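Here is how the chains run, residue by residue.
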Amino acid sequence: MANSSGLLFNPNRYDPSHFDPETRRQLRAVIDWFEERGKQKLLRDDLEAVWVSDFLDFIKRERIFATFLTPSEYGGGDPNKRWDTSRNAALSEIFGFYGLAYWYAEQVTILGLGPIWQSENIKAKQRAAEQLEAGGVMAFALSEREHGADIYNTDMLLTPARDGDDEGVVFRASGEKYYIGNGNVAGMVSVFSRRTDVEGADGYVWFVADSGHPNYELVGNVVHGQMYVSNFRLNDYPVHEEDILCAGPEAFSAALNTVNVGKFNLCSGSIGMCEHAFYEAITHANNRILYGNPVTDFPHVRAGFVDAYARLIAMKLFSDRAIDYFRSASLDDRRYLLFNPVTKSKVTSEGEAVVTLLWDILAAKGFEKNTYFSEVARLIGALPRLEGTVHVNVAQILKFMPNYMLNPAAYPEIGTRDDPADDVFFWAQGPARGASKVQFADWTAVYEKYSGIPNVALFYEQARALRELLVSAAPDADQMRDLDFLLVLGHLFTLVVYGQLILEQADLIGLDHELVDQIFDVQIRDFSGHAVAMHGKPSSTSAQQDWAIAAVRKPVVDQHRFDRVWEQVKAYDGAYEMRP
């Protein structure tokens, strides 16, 4: 039988043999630390909103962030230090498996490092490497209460130094930042600002601040939880030349390029949370008797589990394949710029869908405070919302649609990228523009290759229909300004991209074709749902409405296939239970 086992992360059997020995040791150390703490403490700390200081003590002791988040150039000769997206994703998934707060502490450290590693400020880079080695964390201060993450507007103001300032002070910074993770303890806070003496884009500046400085006022945590999502204020904060990372248009690009890299891990965090929730759900439901029968004997329960499993495996397949494109990126291959917003919007939204399906089965059990599921149910919605809303990412995705669907280009084949290399391109992405010019390899090739699988063939019909829509009934000028209409189109397009990478990864790992068929059963239904939504949009034209109805498909029904996938799901009953 083709590969269908071991698809979900299981701490009891985890052995990432494709990584080097030190990476394997550190990943195992992370798992063992959580397991030794046990489920009761894990859940109690979440319920009592305990800051993750003991976790950060462990990170310091084992040099986890120092090893995983320091580019080799600043690794001080340590052969294990590098920025390796493959192993970073594995670490992120483990953090998500045990709790969003732990994932978040790493996530915002990655974001805070983005402007630093991209800068030409050698002293700041050396300082960051030293602080990581000492167990420090970072913060990324872009968002503000009034502007959100709108990088065109900031009220963090830099005023030129005045007479009497200490030697080396070039600016005084004043203003507030809001929704800034790790802002309570970060030794280096990357702060986005603008000069008061320079107009327009030339006035943007990234600089680093220290949360321990007396002119750094920590206002408080804007959420109730283990995550410290800070509001802080800089009061005439002295900014030295050595604190400035970049300025002008480069600062604008650094903000966007940091997001390109730093928020990719939204997908792996969501996957980890869903995996742990899935173990709890199947183990509970498959051993619960209701009306004289196991709960999982009910057809709607099995359908919910199979759907949740198919969606979760699809999340993993897409995300794993996207890693290969990220690690192979260059100025001549910027396809990652599309796959990144898909991970941020689609994968994280699918995480919500998985948890909702499981919650519909667990019902009241999903609220119980002694379950990890209750924590996931409360927090899974943060991922598509807290780090950039779905509609912003779908709008970004749409920029790539014309070239992707209609104007393919030739690229060398990209295989699985889990080699121990330093992903240096992330810190030299160039100007953040030209998304609409990025081209892609022919997306139809992998669909053609797998068209022998019934539901892949049927979804491929829908994908080709979308291409025809863009030719024969494309959005008019008014619709191009109607975000409500465009979002539906964006969701349809996203499904085509999502399916492509799912199939590519399934091919690379030799995934069971029956599971692939079940995944595309879901894809067909989702595409049909968005087509119906397009039909109902106020601005849809008659031609678009006709297209929408014609694009609806019913998946190919195969009870034997469904039953065999259900057996895969059932096999996870009791496969993992966290230590008490």
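Predicted model only: the values in this text are computed from it and were never measured. Every residue gets a number counted from 1 within its own chain, in the order that chain's sequence is written. Under the rules for a predicted model, residues below a pLDDT of 70 receive no local features and side-chain atom pairs below 80 are neither given nor counted, while totals for whole chains, interfaces and linings still include all residues. Hydrogens and water molecules were not included; the side-chain quantities draw on all heavy atoms of the structure.

Turning to the domain arrangement of the chain, a few remarks are in order. Segmentation of the chain into domains returns domain 1 (21-137), domain 2 (140-247) and domain 3 (394-409 + 433-557). Boundaries between domains were set according to an automatic or database domain assignment. Here the C-alpha centre of domain 3 lies 42 Å away from the C-alpha centre of domain 2.

With that settled, consider the packing of helix 10 (residues 299-327) against helix 11 (residues 336-362). Angle between the axes and distance between the axes: these two values describe a pair of packed helices. Note on geometry: axes are lines fitted to C-alpha atoms, helical ones only across the stretch in contact, with angles between N-to-C directions running from 0 to 180 degrees. Numbering of helices and strands starts at the N terminus; helices are DSSP runs of H or I of at least 4 residues and strands are runs of E of at least 2. Relative to each other, helix 10 and helix 11 sit at 160°, their axes nearing to 9 Å. Put simply, helix 10 runs roughly antiparallel to helix 11. Here helix 10 runs over helix 11; the crossing is left-handed. Under the scheme applied here, ten amino acids are nonpolar (Ala, Val, Leu, Ile, Met, Phe, Trp, Tyr, Cys and Pro), four are charged (Asp, Glu, Lys and Arg), and all others, including Gly, are polar. Here the residues of the contact of helix 10 with helix 11 sort into 18 nonpolar, five polar and three charged. Each angle receives one of four descriptions, namely roughly parallel if under 35 degrees, roughly antiparallel if over 145, roughly perpendicular if within 65 to 115, and oblique otherwise. Crossing handedness follows the turn of the near helix against the far one: under a right angle anticlockwise gives a left-handed crossing, and clockwise gives a right-handed one.

Once that is clear, we can look at the environment of Asp-307. With respect to the element layout, Asp-307 can be found in helix 10. The buried label applies to any residue whose accessible area, calculated with a 1.4 Å probe on protein chains only, is under 20% of its type's maximum; exposed applies above 50%, and partly exposed to all values in between. Residue class for Asp-307 comes out buried when judged on its relative accessible area of 12%. C-alpha separation for the pair Asp-307 and Leu-158, spaced 149 residues apart in sequence, amounts to 52 Å. Asp-307 has contacts with Leu-357, Val-522 and Arg-525, leaving out every residue within four places of it along the chain. For this analysis, a polar contact is any N or O atom pair within 3.5 Å, provided that within protein one partner can donate a hydrogen and the other can accept it, and provided that sequence-adjacent residues contribute only side-chain to side-chain pairs. Polar side-chain contacts of Asp-307 include one of 2.7 Å to the side chain of Arg-525. Contacts are assigned to residue pairs that have any heavy atoms within 4.5 Å of one another.

It is worth spelling out the packing of aromatic side chains at this point. Pairs of aromatic rings are described using the distance from one ring centre to the other and the angle between the two planes. Ring geometry is summarised as follows: Phe, Tyr and Trp rings, the Trp one being its six-membered ring, pair when their centres sit within 6.5 Å, and such pairs are stacked at plane angles under 30 degrees, edge-to-face over 60 and tilted between the two. Overall, the coordinates contain 53 aromatic pairs when judged by the stated rule. Ring geometry for Tyr-336 and Phe-425: centres 5.9 Å apart, planes at 90°, overall edge-to-face. Here Phe-425 lies in the loop between helix 15 (401-406) and helix 16 (444-449) and Tyr-336 lies in helix 11, a separation of 89 residues in the sequence. Note on Phe-425: relative accessible area 15%, which makes it buried. Judged by centre distance (6.3 Å) and plane angle (65°), the ring pair of Phe-339 and Phe-440 falls under edge-to-face. With Phe-339 in helix 11 and Phe-440 in the loop between helix 15 and helix 16, this residue pair connects regions lying 101 residues apart in the sequence. For Phe-440, a relative accessible area of 2% translates into the label buried. Arg-335 extends its terminal NZ or CZ atom over the ring of Tyr-411, reaching a point 3.9 Å from the ring centre. We count a charge as sitting over a ring when the NZ of a lysine or the CZ of an arginine lies within 6 Å of the ring centre and within 35 degrees of the ring normal.

With that out of the way, let us pick up empty space enclosed by the protein. Using a probe with the size of a water molecule, rolled over the atoms, empty space left in the structure can be pinpointed. A cavity here means a set of 1 Å grid points, computed over protein atoms only, where a 1.4 Å probe fits but cannot escape. A pocket is an open set with protein on both sides within 12 Å along at least 5 of 7 lines, and lining residues have an atom within 4 Å of a point. Grid points are joined across faces, edges and corners, and a volume is the space filled by probe spheres set on the points. Applying the stated criterion across every chain yields a total of three cavities of 30 Å³ or more. Taken as a whole, the largest cavity holds about 70 Å³ of empty space. Lining the largest cavity, in full, are Trp-83, Thr-85, Asn-88, Ile-110, Val-261, Phe-264, Asn-265, Phe-326 and Phe-426. Size it by volume and the second largest cavity reaches roughly 50 Å³.

Right, let's get into the pattern of salt bridges. Put simply, a salt bridge is a Lys or Arg side-chain nitrogen that is within 4 Å of an Asp or Glu carboxyl oxygen. Summed over all chains, the structure comprises 46 salt bridges. The shortest N-O distance in the salt bridge between Asp-78 and Arg-63 comes to 2.9 Å. Of this pair, Asp-78 sits in the loop between helix 4 (64-68) and helix 5 (85-98) while Arg-63 sits in the loop between helix 3 (53-62) and helix 4, placing them 15 residues apart in sequence. Residue Asp-78 is classed as buried on the basis of its relative accessible area of 18%. A salt bridge links Asp-423 to Arg-327; the shortest N-O distance between them is 3.1 Å. Residue Asp-423 is located in the loop between helix 15 and helix 16, and its partner Arg-327 is located in helix 10; the two are separated by 96 residues in the primary sequence. For the residue pair Asp-423 and Arg-327, the accessibility class agrees, reading buried in each case. Linked through salt bridges whose partners overlap, the residues forming this network are Asp-20, Arg-82, Asp-84, Arg-327, Arg-417, Asp-419 and Asp-423.

All right, on to the packing of helix 10 against helix 19 (residues 513-536) then. It is the contact of helix 10 with helix 19, at a shortest axis distance of 9 Å, that shows an interaxial angle of 100°. Viewed along their axes, helix 10 and helix 19 adopt a mutual orientation that is roughly perpendicular. Together, Val-306, Asp-307, Tyr-309, Ala-310, Arg-311, Ile-313, Ala-314 and Leu-317 of helix 10 and Leu-515, Gln-518, Ile-519, Val-522, Arg-525 and Asp-526 of helix 19 make up the contact between the two elements.

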